[in-house]
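Architecture and fold: a report
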Amino acid sequence: MALLGIRVVELAGLAPAPFCGMVLADFGAQVVRVDRPGTLADLSHLGRGKRSLVLDLKRPGGAAALRRMCARADVLLEPFRRGVMEKLQLGPDFLLQENPRLIYARLSGFGHSGSLSKVAGHDINYLALSGVLSKIGRSGDNPYAPLNLLADFGGGSLMCTLGIVMALVERMRSGKGQVIDANMVEGTAYLSSFIWKTKKSGLWCEPRGENLLDGGAPFYTTYKTADGEFMAVGALEPQFYQLLIKGLGLKSDELPSQMSQADWPEMKKKFADVFAKKTKAEWCQIFEGTDACVTPVLTFEEAAHHNHNRERGSFFTDEEQCVNPRPAPRLLRTPAIPSTKRDPLIGEHTEEILKEFGFNQKEIDELYSEGIIESRKSKSNL
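Because the structure is predicted, anything quoted here is derived from the model rather than measured. (Residues numbered from 1 in each chain as written. Predicted model: local features only at pLDDT ≥ 70, side-chain atom pairs only at ≥ 80, totals over all residues. Heavy atoms only, no water.)

**Re the overall build of the chain**
We apply this condition: What counts as a helix is a DSSP run of H or I of at least four residues, what counts as a strand is a run of E of at least two, and both are numbered from the N terminus. Summary of the burial criterion: residues with accessible area below 20% of their type's maximum are buried, those above 50% are exposed, and those between are partly exposed, where the area comes from a 1.4 Å probe applied to protein chains only. The contact rule is simple, with two residues in contact once any of their heavy atoms fall within 4.5 Å. All accessible-area figures derive from a Shrake-Rupley calculation using a 1.4 Å probe, and residue coverage is judged against the displayed protein chains alone. Charge counting follows a simple rule: Lys and Arg are positive, Asp and Glu are negative, and His as well as the terminal groups are ignored. By convention, charge coordinates are those of NZ in Lys, CZ in Arg, CG in Asp, or CD in Glu.
Assigned secondary structure in the chain consists of 16 helices and 12 strands. Principal-axis analysis of the C-alpha atoms gives the chain an extent of 85 × 45 × 40 Å. Within the chain, the fraction of its 382 residues that count as buried is 44%. Contacts in the chain between residues far apart in sequence, at least 24 positions, make up 63% of those at least 6 positions apart. Accessible surface, the chain: about 20,400 Å² in total, of which carbon and sulfur atoms supply 55%. Looking at charge distribution, the chain has the averaged site of its 47 positive side-chain charges lying 4 Å from that of its 46 negative ones.

Shown next as structure tokens:
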């Protein structure tokens, strides 16, 4: 696997950092998650391929243990607001001095500088501050966030993962680590570069929900079918649009021009009436295999069993019989091999991990006696 041999220490958090760590693990990195004392379960549900130890970083002995681990690690992934790690004497100034090759990845909402760097927030707040939320939603409706995918996982997790990989590549030349300030506001804004670059070209000049790619066009939106399901239409190019019209049983010479925006609302009503006359399965039979750019809106269950996805093996089932998306992208020579085992229990690998990082049994026993570490197997070790 591409990241085989890379050792990552991930400090437990919610959503963005855990997904970043899971991606690294899927592609071969050895990821150790540091959980907090008293934690009963991993609320992120993104522990695939990781191991867990419990370490109290608020205690001097716990902070010292993490410093020892980071001295042997390639990457530290931390999800906290500005100043948290510095207060624990675990900031980059401390850790990079002890391990100049360390990639210190900071993944936060607002970044580690600026007036909001110490303020709490969630995906919808970061999405709002990036400017992107203002563009998402139906005409006349409030803006709405597309689940918590865009800021948390797109602008946050994946941008941070990219930063880590780039820093690892650069380290091959310089031999030096560096600090990564990945945050969800800037990451989301960067993902929207196409919108920023085209906002003066006429592509986004209409109000929200009335543009070409935001549901305003009758040939780029979704329609309800006779059985209450939905079809997605993306027939942008003229040749694809003609195939859409043909499949709907309409005649081009009886319709307004495709790009006549004044006629779009009426055209959407006409298309909606046609789609409502057949079931999703019937429309699939009509459009499948054509270039009309019409596809069914699948549920998770349907997506996992769709012929195309099954042929490619796009999903896999773990040992707990849960279906998961297969890691992407596909590397043909060094592909990701996601673990099919259950996610780790909190503190399940505490002793095993500490020994790998150079702690002897006496030191581990002392950490237990001081309440700095915990383990699901701790009773048998005392």
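**Observations concerning the sheet that holds strand E7 (residues 220–224)**
We apply this condition: Any two strands between which DSSP finds at least two bridges are classified as paired. Every axis corresponds to a line fitted to the C-alpha atoms, with the helix fit spanning only the stretch in contact, and the corresponding angles, defined between N-to-C directions, vary from 0 to 180 degrees.
Read from one edge to the other, the open sheet built from three strands follows the order E7-E8-E9, with strand pairing classed as antiparallel. The open sheet has two edge strands with one neighbour each: E7 and strand E9 (294–296). Across the sheet, the mean angle from the axis of one strand to that of its neighbour is 25°, orientation sign disregarded. Relative to E7, helix H10 (residues 264–275) is tilted by about 40°, and along the sheet it contacts E7, strand E8 (230–234) and E9.

**A short note on the packing of aromatic side chains**
For clarity, the cut-off: Under the pairing criterion, centres of Phe, Tyr and Trp rings, with the six-membered ring standing for Trp, must be within 6.5 Å; the plane angle then separates stacked pairs below 30 degrees from edge-to-face pairs above 60, leaving the rest tilted.
Applying the stated criterion across every chain yields a total of eight aromatic pairs. Between Phe110 and Tyr126, the aromatic rings sit 5.0 Å apart at their centres with planes inclined by 80°, giving edge-to-face as the arrangement. Placement of Phe110 in the loop between strand E5 (103–108) and helix H5 (123–130) and of Tyr126 in helix H5 is noted, with a sequence separation of 16 residues between them. With respect to class, Phe110 is no different from Tyr126; both count as buried.

**As for the packing of helix H9 (residues 238–247) against H10**
Defined as follows: Orientation is classified from the angle alone, with under 35 degrees giving roughly parallel, over 145 giving roughly antiparallel, 65 to 115 giving roughly perpendicular, and any other angle giving oblique. Under this grouping Gly is polar, as are all residues other than the nonpolar Ala, Val, Leu, Ile, Met, Phe, Trp, Tyr, Cys and Pro and the charged Asp, Glu, Lys and Arg.
Between H9 and H10, the least distance of the axes is 11 Å, while the angle of their chain directions is 50°. By the angle class used here, H9 and H10 are oblique. In this structure, H9 contributes Tyr241, Leu244 and Ile245 to the contact, and H10 contributes Met267, Phe271 and Phe275. Class assignment for the residues of the contact of H9 with H10 results in six nonpolar, no polar and no charged.

**A word on the sheet that holds strand E6 (residues 178–183)**
Across the sheet, seven strands lie side by side as E6-E5-E4-E1-E2-E3-E12; this open sheet has mixed pairing. For this open sheet the edge positions go to E6 and strand E12 (373–374), each flanked by a neighbour on one side alone. In this sheet, E12 lies alongside strand E3 (residues 50–55) in antiparallel orientation, the contact comprising two bridges. Counterpart to Leu55 in the pairing with E12 is Ile373. Docked against the sheet, helix H1 (residues 16–26) engages strand E1 (7–11), strand E2 (30–35), E3, strand E4 (75–78) and E5, running at close to 160° with respect to E1.

**Here's the deal with the side chain of Arg106**
Threshold: Throughout this description, a polar contact denotes any pair of N or O atoms lying within 3.5 Å of each other; where both atoms belong to protein, one of them has to be capable of donating a hydrogen while the other can accept it, and for residues adjacent in sequence the pair is counted only when both atoms sit in side chains.
On the secondary structure map, Arg106 appears in strand E5. Polar side-chain contacts of Arg106 include one of 2.6 Å to the side chain of Glu78. Within the local environment of Arg106, its side chain forms a polar contact with the side chain of Glu86, the two groups lying 2.9 Å apart. Beyond its immediate stretch of four places on either side in the chain, Arg106 contacts Glu78, Met85, Glu86, Pro92, His112, Val179, Ile180, Asp181 and Ala182.

**Some words on the pattern of salt bridges**
Just so we agree on the cut-off: In the sections that follow, a salt bridge refers to a side-chain nitrogen of Lys or Arg positioned within 4 Å of a carboxyl oxygen of Asp or Glu.
Tallying each qualifying case throughout the model produces 13 salt bridges. Measuring nitrogen to oxygen at the nearest pair gives 2.7 Å for the salt bridge that ties Glu10 to Lys50. Separated by 40 residues along the polypeptide, Glu10 in strand E1 and Lys50 in strand E3 bring together distant segments of the chain. Glu10 gets classed as buried once you look at its relative accessible area, which sits at 0%. Put simply, Asp74 and Arg171 hold a salt bridge, and the shortest N to O gap is 2.9 Å. Of this pair, Asp74 sits in the loop between helix H2 (60–70) and E4 while Arg171 sits in helix H6 (residues 149–174), and the two are 97 residues apart along the sequence. Of the two residues examined, Asp74 and Arg171, each falls in the buried class. A single salt-bridge network, built from bridges that share partners, covers Arg33, Asp35 and Asp42.

**What about H9?**
What counts here: Of all possible arcs, the one meant is that of the directions from the helix axis to the C-beta atoms.
Among the residues of H9, those classed as buried are Tyr241, Leu244, Ile245 and Gly247. The buried residues of H9 all sit within an arc of 165° when viewed along its axis, so they share a single face. Where H9 is buried, its residues meet E8, H10, helix H11 (280–287) and E9. Remark: Gly249 follows H9 within two positions and exhibits a positive phi of approximately 80°.

**Topic: the pairing of E2**
So the rule is basically this: Seen with its strands pointing away from the viewer, a crossover is right-handed when the path leading from the first strand over the helix to the second is clockwise.
For E2, a buried count of five out of six residues is recorded, marking the element as mostly surrounded by other parts of the structure. By the bridge criterion, five bridges tie E1 to E2 in an arrangement that is parallel. Paired with Leu11 across the strands is Val34, a residue of E2. With respect to chirality, the unit in which E1 leads through H1 into the neighbouring parallel E2 is right-handed. Inspection of the sheet shows E2 paired to E3 by five bridges, in the parallel sense. Along E3, the bridge assignment pairs Val32 with Arg51.

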